[in-house]
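# Observations on the model geometry
Listed here are the chains, written in short residue letters.
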2 protein chains.
Amino acid sequence: MMTGMAATPSPRAAGAPPTSGDVARVAGVSRATVSYVLNNTEGGRVSEATRERVRDAARQLGYVPHAVARALRAGRSGIVLLTAPAVTVGPLFAHAYADLQQALAELGHTAVLYGPTGARGAEAGRRWAELRPDAVLSLMDDSMDEDAVAVLHKAGVGVVLGCGPVPVPGAHALVADQEQVGFRAVEHLAAAGRRTLGVIVPADASLLGFAEPRLAGAEKGARARDAVTVVRQDLALDEGAATRWARQCAEAGIDGLFAYNDEYAALAVRALQDSGKRVPEDVAVVGADDLLIGRLLRPRLTTVRMDYMPSREIARLLNRLIGTPDAPPETHDILRTGLVVRESA
Amino acid sequence: MMTGMAATPSPRAAGAPPTSGDVARVAGVSRATVSYVLNNTEGGRVSEATRERVRDAARQLGYVPHAVARALRAGRSGIVLLTAPAVTVGPLFAHAYADLQQALAELGHTAVLYGPTGARGAEAGRRWAELRPDAVLSLMDDSMDEDAVAVLHKAGVGVVLGCGPVPVPGAHALVADQEQVGFRAVEHLAAAGRRTLGVIVPADASLLGFAEPRLAGAEKGARARDAVTVVRQDLALDEGAATRWARQCAEAGIDGLFAYNDEYAALAVRALQDSGKRVPEDVAVVGADDLLIGRLLRPRLTTVRMDYMPSREIARLLNRLIGTPDAPPETHDILRTGLVVRESA
DNA sequence: TTGAAAGCGCTACCAT
DNA sequence: ATGGTAGCGCTTTCAA
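The notes below deal with the structure included here. (Residues numbered from 1 in each chain as written. Chains lettered and ligands numbered in written order. Predicted model: local features only at pLDDT ≥ 70, side-chain atom pairs only at ≥ 80, totals over all residues. Heavy atoms only, no water.)

## Comments concerning the protein's contact with DNA strand D
- Surveying the vicinity of DNA strand D reveals 29 residues, the closest of which are S20(A), R31(A), Y63(A), R73(A) and R45(B).
- Backbone sugar and phosphate groups make up 59% of those atoms of DNA strand D lying within 4 Å of the protein.
- One of the side-chain N or O atoms of R73(A) is found 2.3 Å from a base oxygen in DNA strand D.
- Looking at the surface near DNA strand D, the element that brings in the most residues is helix α2 (residues 31-38) of chain A, giving 4 residues.
- Per-class residue counts for the surface near DNA strand D are 13 nonpolar, 10 polar and 6 charged. (Near = heavy atom within 4 Å. Polar contact = N/O pair within 3.5 Å; in protein donor to acceptor, adjacent residues only side chain to side chain. Helix = DSSP H or I, 4+ residues; strand = E, 2+ residues; numbered from the N terminus. Nonpolar A, V, L, I, M, F, W, Y, C, P; charged D, E, K, R; others polar.)

## Section: the protein's contact with DNA strand C
- DNA strand C sits among 27 residues. The nearest are S20(B), R31(B), Y36(B), Y63(B) and R73(B).
- Sugar and phosphate atoms constitute 58% of the interface atoms of DNA strand C, taking the interface as everything within 4 Å of the protein.
- In this structure, S35(B) approaches DNA strand C through a side-chain N or O atom, which is 3.2 Å from a phosphate oxygen.
- Mapped onto the surface near DNA strand C, the elements with two or more residues apiece are α2 and α4 (67-74) of chain A together with α2 (31-38) and α4 (67-74) of chain B.
- Examining the composition of the surface near DNA strand C, we find that 4 residues originate from one element, α2(B), more than from any other.
- The residue inventory of the surface near DNA strand C, partitioned by class, reads 11 nonpolar, 10 polar and 6 charged.

## Quick word on the sheet that holds strand β12 (residues 335-340) of chain B
Residues and elements named next belong to chain B.
- Ordered in space as β7-β6-β8-β9-β10-β12, the 6 strands form an open sheet in which the pairing is mixed. Looking along the sheet, the strands with just one partner apiece sit at the ends: β7 (229-235) and β12. For this sheet the average axis-to-axis angle between neighbouring strands, irrespective of direction, equals 20 degrees.
- Pairing of strand β10 (residues 302-308) with β12 involves 6 bridges; the strand directions are antiparallel. (Pairing = 2+ DSSP bridges. Axes fitted to C-alpha atoms, helices over the stretch in contact; angles between N-to-C directions.)

## Considerations on the interface of chain A and chain B
- If you look at the interface, chain A gives 54 residues, while chain B gives 55 residues.
- Summing both partners gives a buried area of about 4800 Å² for chain A against chain B, and 66% of it is carried by carbon and sulfur.
- Considering only the side of chain A, the residues that lose the most area to chain B are V64(A), R132(A) and L296(A), jointly responsible for 13% of the buried surface there.
- Taken together, chain A and chain B are joined by 4 salt bridges.
- Here D274(A) makes a salt bridge to R298(B), at a shortest N to O gap of 2.7 Å.
- Our count for the contact surface shared by chain A and chain B stands at 16 residue pairs in polar contact (both at pLDDT 80 or more).
- Residue assignment for the side of chain A that touches chain B shows that the elements contributing at least two residues are α3 (48-61), α4, α5 (91-106), β2 (110-114), α6 (121-130), α7 (146-154), α11 (262-274) and α12 (293-296) of chain A.
- With 7 residues, α5(A) is the largest single contributor of residues to the side of chain A that touches chain B. (Contact = heavy atoms within 4.5 Å. Buried area = accessible area lost by both parts, 1.4 Å probe. Salt bridge = Lys/Arg side-chain N within 4 Å of Asp/Glu carboxyl O.)

Coordinates in, geometry out; function isn't part of it.
Structure representation (C-alpha cells):
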C-alpha cells in the first residue's frame, strides 16, 4: 500500500502535456475531484471555492482531457464512424456531411469520416472495429457487407447502419430506392410520346451501385408502357467518348434519353447538339440529381430531383439506436424523388 | 502478490467482445505472448507452434485489437486528423482525400476526417486535441488559427500542418498561393488587349479565403500593365443575381472578365449571352480550376488550371514531420498553375 | 466535502 | 521461449 503524499505526485517532465493529475496537483486536490469538477458530475458535491481552483488550474495549464483514456475507461468512444468510398465524398455529400456532424455533436457524439480503406468485407470491418466506434454509418460504401457487419458486431460495435442502394444483411438500413429515379424519368419521356429510350450508364465502375438500379427502374417503367423500349448506353465522362456515342446514338433511332445524372446529361446534350441533333425536338433528355450545371446549359435540363432524409433525422435515429444496441435491424426509406420539368424534355 | 492461475483468468461475459486476455486463455498462453505474436514482435522469440495456436484462437474468437487501448499504452494514436470546412469537402477534394488516406495508410497512419466543429480557434483546437492525433492537417480551414495551434502543441500534438491560402503562425504550412491564379488570368486578358477587367468574387463568405487572394493577384497583374484596371464584381451563385449583374456589367464598360472559378464563369457567360453580349468578342472570360462544365459550355472556357502537390508527397511529408515533432515550422509551396486556352478568351 | 484505489485493454520491461 | 506485472489517463465506487 502507498502511504502519504499520494495526492501530490511529483510533477511530470516539463514538455509533457498536462494530465488531470497535474491539474489536481496545481489545484491541491485529488484527481477524482478534478474529474468531478470538469465533468460537472454530482451537482454540488464539490464546494464552489474548490471548483474555481480546479478550473483555474486547468485553464492555466492548458489542460485538454484525453478522449482516448476516457473512452477506454468508459467502454465507449462516443465516435460515430462514417465510411464512404472516394466518389461519394462529392458535392452532394459535402453539406449533408457537415449537417450530420453538427447534429450528432449536439447529441453528444463525434462524427468522424473514415475514407476508403482499400480493403473490403471482413478486412474492412476489422479496420473500422479497431477504433471501437459506438456506431458505423456506411454511405454508399460497397466495401460494407455481411461479413463486415459480423466482425463489427463481434467486436462490440452495436450499431451498424448502411445507407445505399441495397440493404446490408444484419445491419440497419437507410434505403435510397434509386429505381424510382429511372422510373420517373421514363414515365415522363413516355408521356411525351418518346418510344426508343436510351439510358446512359456511367463507365465509372464505382457508380454502378447507383447506376444499375436507376437503369432497372427505367426498364420497369418501360415495361409498364406499351411500345416503349429501353436501350442501355455505356458512356465515360469524357468528350471524345461522347462524340463517338452521339454518332452511334443516331443510328439506334433514340428519341428519348435518361442520363445517369445531370453531368452525364450535359455531356450528352452537348455531343448531340454538336452532331446536329436538336434537343428536345429530336431527342428529349432527362437528367438526375438537379445539379447546378443543368440550369446553366441551354436548353435547361429537365431532371429528377432527390430529397434525402435530413441529417438531423438521421442523427436522431443513430442516437436512438446507440441507446438500444441490440434492437433488431430496422429499415428506413430516405429517398423521395420529384421531377423538375425544364426545357430539355 | 497474485499467486497461480494468473495466466488463466476467468472467461468474460458471453456477449462481451473478446480481448487479448480471452485469446490468451483459449490459446493457453499469456497476454504478453498474444501481443508478441499478433504484432510480430521480436522475430522468432515465440515458437512457431505457439504462434499458430495464438492465431487460431484469435481467428476463432473473432478478436479485433482495441486501438483505443493500444493508443493509450503507446502514447500515440496513429491518427492523422484532417480538418476541413463544409465547402472544401467538395469534388476537387474527393479524390485527393482518398489518395491521401491510402498513402498515409501505407506509412502506418490512419487518416480520419473531422468535419466542421462549429467552433473556431482555441475551442476548435481543444476538440481536435482531445483525440490526441499524431498530426493535424487542416485543409482550407479558417477555424484553424494561432490559438488552435497553441492548444494543440500544449496538448502534445507535435505536428500541425496548415494547408490554405495563408500560413498559420506556429504551424507548418502548405501554401497554395492563390494570387498566381488571378495574376495569370489578368496577364492573358491584358495581352489580348482587354483594358477594363471585371473580377468576379463569390458572395459565399466561406470562399473568401480563396477569392480575396485571387482578386489581389488580379490587381497585382493589372498594376504591372499600363492602362489596365480591375473592377471587383460580387456575385452570388444564382441565376437571378447573374441577370442583374450582367446589366450592370454592360454599363461599367467591362471587356474582360476573370471569374472566381469555372462555375461562376459559366453562370456569368450565360447571363452575358442572355443579355445580348457576345463572348469573347464583347467580353473575354477566363475561369479557374478547369472544371468539367468549362468544356461543355459554348464557347468553351479558357481557364486557369491548378496542379497541387500529389497526395503521396504530402503523406511522406507528414510522416517525416511525425518522426521529428519538434522541428521548426516548414513552408512548402504546393500549387502550380497553368493557363488552358480555349475559346472564351 | 474529498480522497484512495481499482481497472478499462494493451504493450514492454524484466524475470525465469 | 514464455509469463508476470506495471502503467498509459481517466472515471467511479467506496471509505473517511
